[in-house]
Structures are given as C-alpha cells and as structure tokens.
Amino acid sequence: VSPPKQFIFFGNNCCFLVFQLINEIDVFDREITMFDVVIPTLRKMLEDAAPGKYPLYGAKCFYTHNGPPVSYLAFEDLKAEGYTLAIHTDGLDMNHCLLTLRTLAAYHAAGVVMEKTEPQKIDKFRDHVWRENVRESVEKMFNPIIKTLASEAENWPECRGQIVDSLKRLSITSFDYLLEATKRNEGDFHVLCHGDVWVNNLMFRYSDDNKIATHMR
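Computed from a predicted structure; not experimentally measured.

A. Broad picture of the sheet that holds strand β6 (residues 213-216). With antiparallel pairing, 3 strands are arranged side by side in an open sheet as β4-β5-β6. Strand pairing shows two members of the sheet lacking a second neighbour, β4 (84-85) and β6, which therefore form its edges. In this sheet, strand β5 (residues 203-206) lies alongside β4 in antiparallel orientation, the contact comprising 2 bridges. By the bridge assignment for β5, Leu-85 is matched with Met-203. Strands β5 and β6 of the sheet are contacted by helix α3 (residues 94-117), whose axis makes an angle of about 30 degrees with β6.

B. Summary view of the environment of Asn-143. Within the element layout of this structure, Asn-143 appears in helix α4 (residues 135-153). Residue classification places Asn-143 among the buried residues on the basis of a relative accessible area of 9%. Spatially, the C-alpha atom of Asn-143 lies 6.6 Å from that of Ile-172, the residues being 29 residues apart in sequence. With sequence-adjacent residues up to four places away left out, Asn-143 is seen in contact with Val-138, Ser-171, Ile-172 and Ser-174.

C. Structural context of helix α5 (residues 162-181). Helix length check: α5, at 20 residues, gives a terminal C-alpha distance of 22 Å against a target of 28 Å (1.5 Å per residue), a shortfall beyond 12%. Of all the bends in α5, the largest measures some 70 degrees and sits at Thr-173. Along α5, the positions that sit buried rather than exposed are Val-164, Leu-167, Ser-171, Ser-174 and Phe-175. Where α5 is buried, its residues meet α4.

D. Summary view of the nonpolar core. Judged by nonpolar contacts, the single largest core of 33 residues is most densely connected at Met-34, Phe-35, Val-38, Leu-42, Leu-73, Phe-204 and Met-216. With 9 residues, helix α2 (residues 27-49) is the largest single contributor of residues to this core. Those residues in contact with Met-216 that lie beyond four places of it in its chain are Leu-56, Tyr-57, Tyr-83, Leu-99, Thr-100, Thr-103, Leu-104, Leu-202, Met-203 and Phe-204. Ranked by size, the runner-up nonpolar core spans 6 residues in total, among them Ile-146, Ala-150, Cys-159 and Val-164.

E. Structural view of the packing of aromatic side chains. Under the defined criterion, the tally for this structure stands at 4 aromatic pairs. Their ring planes at 80 degrees and their centres at 4.7 Å tell us that Phe-35 and Phe-75 sit as a pair that is edge-to-face. With Phe-35 in helix α2 and Phe-75 in strand β3 (residues 72-76), this pair connects stretches of sequence that are 40 residues apart. By relative accessible area, Phe-75 is classed as buried at 6%. The interplanar angle of 35 degrees and the centroid separation of 6.0 Å between the aromatic rings of Tyr-63 and Tyr-72 together place this pair among those described as tilted. Residue placement shows Arg-217 over the ring face of Tyr-83; its charged tip is 5.6 Å from the ring centre.

The rules behind each value
- Residues numbered from 1 in each chain as written.
- Predicted model: local features only at pLDDT ≥ 70, side-chain atom pairs only at ≥ 80, totals over all residues.
- Heavy atoms only, no water.
- Pairing = 2+ DSSP bridges.
- Helix = DSSP H or I, 4+ residues; strand = E, 2+ residues; numbered from the N terminus.
- Contact = heavy atoms within 4.5 Å.
- Axes fitted to C-alpha atoms, helices over the stretch in contact; angles between N-to-C directions.
- Buried < 20%, exposed > 50% of the residue type's maximum accessible area, 1.4 Å probe, protein only.
- Expected span 1.5 Å × (residues − 1).
- Bend = angle between axes of the 7 residues up to and from the residue.
- Core = buried A, V, L, I, M, F, W, Y, C linked by side-chain atoms within 4.5 Å.
- Phe/Tyr/Trp six-rings, centres within 6.5 Å; stacked < 30°, edge-to-face > 60°.
- Lys NZ or Arg CZ within 6 Å of the ring centre and 35° of its normal.

None of the figures reported here should be taken as evidence of function without further support.
In structure tokens, the structure reads:
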C-alpha cells in the first residue's frame, strides 16, 4: 500500500510547564510505542481472526522521532480519506456512540488477548502516567486553575457554600484523588483502553448524503 500524499504531524512544541510534564510522564515514548507497536499488532490480530470484519482504528503512523530537536509523530491525514470531526456543539447521537463503542470494543478485546500472547508489548502501559514522581509538576499546573475556579464560583449564588468549599479543598488535594482514582488493582480484570474518548479525539466518515456515520477512526 502506497503511503498517502498528505500527513499530519504532532510535536511537543508547547509551553514550559506542559513540556516539563510531558517529559516526566513520557508522553511521546508511550505514544510512539502505542502507534508503532501496539495498534499495528492489534490490527493484525483482528484481521487474522476475522479477515475484513473489523475496521481500521486510528490514523496510520508512518514515522516517529523521540528526542532533539523536537519529538513528533507523522500520521496519515484522515481528512484526505473523507473523515471529519463530528459537530462539537451537537455531541454524539446514538449512531455515533454505537459505532465508536463497537470499534473500541474490538480493540479492547484484542488487547486482552495481547496481554496473554505478547505481554511484553504493553509493559509500558501497566503503570498509569499519574505517579508520585510527577506530583510537583501536576500541582503546579492544575492547583492554580482550581483555585481560580473556586474564586470565580464565589460569584455564582448557586455555587456558594458547599461547592466553593469543595473546590478550595480540591485545589490542595486534587493530586491525591488523581492517584487514588488511577491506582491499579492487581486483582481486577485489566484491559488496554483508549483513555481519552471524547468528540475531538474521534473522526467519522459519513454516508453519501452526509447524514449517517458509517466509519470511525
């Protein structure tokens, strides 16, 4: 298959605080492993199990680089293949949701098989990105935002009292809640998940009359 004529590049050119956090949680190393190793393996597993049954998921990644002068990933441009974002203000109707869940479910299920057959390929994802060693960077970035929200909420009559008080407490303890919410329970059923499913991270292709979503990547 010849590569597409259009590419999309994602790089780590961002403000210092975000750049520092990205480096501390190894975002690009994890992303590169996901698109270079994990997703192609999952695609092959599904195709081998049922040729032609399961749709492609995510944009194909053609090149990656992690290190100076800038880390980046080069993807096929899904817009050139007829994909577009859903209308953000409309959200997702039942058809969009079912299409998304069915696509993700196939890859989540394949991830469970991958855990049994090629576990070394997903070792990098066994621990969550939110760990104690990134507490300082996360709190430096997010606590001021929550404090500002608490201050602004004091101007909203419906939020005064319990909600404002909760936000003020959260501006100090938010990272503790984050650690607890993402703690791995070794006794549970584990699956490799998307982790950030929302309308701007999904692209759809529509029927000829542009009314029905038929594919999701």
